[in-house]
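Single-letter residue listing:
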Amino acid sequence: MSGFLEELLGEKLVTGGGEEVDVHSLSARGISLLGLYFGCSLSAPCAQLSASLAAFYGRLRGDAAAAVAAAAAAAAAVAATAGPGTAAGSEPGAGAAEESEPRRRLEIVFVSSDQDQQQWQDFVRDMPWLALPYKEKHRKLKLWNKYRISNIPSLIFLDATSGKVVCRNGLLVIRDDPEGLEFPWGPKPFREVISGPLLRNNEQSLESSSLEGSHVGVYFSAHWCPPCRSLTRVLVESYRKIKEAGQQFEIIFVSADRSEESFKQYFSEMPWLAVPYTDEARRSRLNRLYGIQDSEDDGESEAAKQLIQPIAEKIIANYKAKEEEAPLLFFVAGEDDMTDSLRDYTNLPEAAPLLTILDMSARAKYVMDVEEITPAIVEAFVNDFLAEKLKPEPI
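Keep in mind it's a predicted model, so treat the numbers as computed, not measured.

Sorry, what's going on with the overall build of the protein chain here?
Looking only at helices and strands, the protein chain features 14 helices and 15 strands. Expressed as a percentage of the 395 residues in the protein chain, the buried residues total 41%. Within the protein chain, residue pairs in contact and separated by at least 24 positions form 64% of the contacts whose partners lie at least 6 positions apart.

What follows is the structure, given as structure tokens:
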């Protein structure tokens, strides 16, 4: 086991207090599961995760005192980073010391993307787990690339002997199994995970057991995701052709929509089955089974940025040439707390993609809800606004 771990992590790790730990000592401790926690001190979600993860880690290893201390320290970091009102992880239960020995065979290693050593030191100081040394920047980059980490925080679990990925979405493990009862969180049979009622869009339901003998596709999608909506239209046609051919085939929709209303609107377009939106536990287990990340809109945000940026640069350059200040600032809103707050404050619809111009001084908004955003649509929308051809809606 130590051979794999040393190849992956190098020879030395460090504790929160800066003490070096030999990687081969993990083998002597009988570590069977390794968690890699990818994060950064400047990220409020990472600070929040550190709080809940500290309590989780303490419960699993039967170290209640360490869990309480670490969670309290991490909670303080949350308060400093995210402001008042942020909830820290729950305190470990009284029975933490009674956890069975196999659950103590977990170790977590923090893999940071920090660029400032002091910020890194301040962040790892209160972590009860280990960390890759700050100087190991090349190894950190290799780990990020090896496991295709695209957003933070991320937590993946590996078999410490074989290196096989046991669970790609450890964040869901912490949420779904806070007491670690399902350790070591290996994949369960699909039949077990999907078990329960499934819906048609006419509100009829059937049991998942009725799908025995059928080929089943699991469709992870959301109304707010533009490529998803495009794929759904194509998938509907393919699905109907397969069913008309008499094939034993079904699709099950697993929603990542932000609200039940959006789920119902999106599901009304689909001729197949769905896991009920209210069955969050089952949707989460399916996400874990197939390694689906919770908030993977980074790629969509980048695509939107690449679409809008040339238009924004063109407009700003035109005004700069006239030595005038551009009347618009451009930005791409993703799936995050700031965007949710902005939607709530301005009463924007849930739909996506959504083109919006906000005139805060006039407390007005201009909204275009379209199936697909193209450069031509963006440019026409902006030009119509500048020409005062759009009708404002009050905020």
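Help me out: how do you make sense of the environment of Pro394 in this one?
Tracing the backbone through its elements, the reader meets Pro394 in strand S15 (residues 393-394). Judged by relative accessible area, which is 68%, Pro394 ranks as exposed. Ignoring sequence-local partners within four residues, the contact set of Pro394 consists of Arg363 and Lys365.

Got a minute to help me understand the pattern of salt bridges in this structure?
Pairing between side chains becomes possible if they bear opposite charge and their charged atoms approach one another. The final tally for this structure, using the stated rule, is 17 salt bridges. For Asp176, the salt bridge goes to Arg288, with nearest N and O atoms at 3.7 Å. Within this pair, whereas Asp176 is found in helix H7 (residues 170-176), its partner Arg288 is found in helix H11 (residues 280-289), the two being separated by 112 residues in sequence. Linking Arg282 and Asp279 is a salt bridge whose minimum nitrogen-to-oxygen distance equals 2.8 Å. By relative accessible area, which is 1% here, Arg282 ends up buried. Here the salt bridges do not stand alone but share partners, grouping Arg175, Asp176, Glu182, Lys188, Glu192, Glu280 and Arg288 into one network.

Even after reading the chapter, I still don't get the pairing of strand S11 (residues 249-255), so can you show me in this structure?
Within a regular beta strand, the side chains point alternately toward one face of the sheet and then the other, so they alternate between its two faces. Of all the seven residues making up S11, seven are buried; the element is thus mostly covered by neighbouring parts of the structure. As paired elements, strand S10 (residues 215-221) and S11 share seven bridges and run parallel to each other. Note that in S11 the partner of Gly217 across the bridge is Ile251. One crossover worth recording links S10 to the parallel S11 by way of helix H9 (residues 226-244), and it is right-handed.

Help me understand the packing of aromatic side chains in this model?
Two aromatic rings, taken as a pair, are described by how far apart their centres are and by the angle between their planes. Counting across every chain of the model gives 20 aromatic pairs. Between the aromatic rings of Phe38 and Trp144, the centroid separation amounts to 5.4 Å while the plane-to-plane angle is 85 degrees, which identifies the pairing as edge-to-face. Highlighted residues: Phe38 in strand S3 (residues 33-39) and Trp144 in helix H6 (residues 137-146), separated in sequence by 106 residues. With respect to class, Phe38 is no different from Trp144; both count as buried.

What am I meant to see in helix H3 (residues 44-61) here?
For the α-helix, the turn length of 3.6 residues means that residues three or four positions removed from each other point alike. A rise of 1.5 Å per residue sets the reference length of H3, with its 18 residues, at 26 Å; its end C-alpha atoms lie 26 Å apart and thus fit the reference within 8%. Of all 18 residues making up H3, 13 are buried, and the element is well covered by its neighbours.

Even after reading the chapter, I still don't get unusual backbone geometry, so can you show me in this structure?
Trans is the prevailing form of peptide bonds, just as negative phi is the prevailing case for residues other than glycine. Pro153 follows Ile152 through a cis peptide bond whose omega is -5 degrees. As for its placement among the helices and strands, Pro153 is situated in the loop between H6 and strand S6 (154-159). Backbone geometry places Glu388, a non-glycine residue, at a positive phi of 60 degrees. Mapped onto the elements of the fold, Glu388 is located in the loop between helix H14 (375-386) and S15. Residue classification places Glu388 among the exposed positions, given a relative accessible area of 72%.

Conventions adopted
Residues take numbers from 1 onward in each chain, read along the sequence in its written order. Per-residue local features of the predicted model are confined to residues with pLDDT of at least 70, and side-chain atom pairs are confined, for both listing and counting, to 80 or more; whole-chain, interface and lining totals are unaffected and use all residues. Side-chain figures throughout are based on the complete set of non-hydrogen atoms in the structure, without hydrogens or water. Numbering of helices and strands runs from the N terminus, with a helix taken as a DSSP run of H or I at least four residues long and a strand as a DSSP run of E at least two residues long. Only protein chains enter the area calculation, which uses a 1.4 Å probe; residues under 20% of their type maximum are buried, those over 50% are exposed, and those in between are partly exposed. Any pair of residues with heavy atoms lying within 4.5 Å of one another is described as a contacting pair. The rule for a salt bridge is simple: a side-chain nitrogen of Lys or Arg has to be within 4 Å of a carboxyl oxygen of Asp or Glu. Note: two strands are recorded as paired if DSSP finds a minimum of 2 bridges between them. Note on handedness: a crossover is taken as right-handed if, strands pointing away from the viewer, the path from the first strand over the helix to the second is clockwise. Within 6.5 Å between ring centres, the rings of Phe, Tyr and Trp (the latter by its six-membered ring) count as paired, and their orientation is classed by plane angle as stacked under 30 degrees, edge-to-face over 60, tilted in between. By this rule, a helix spans an expected 1.5 Å times one less than how many residues it contains.

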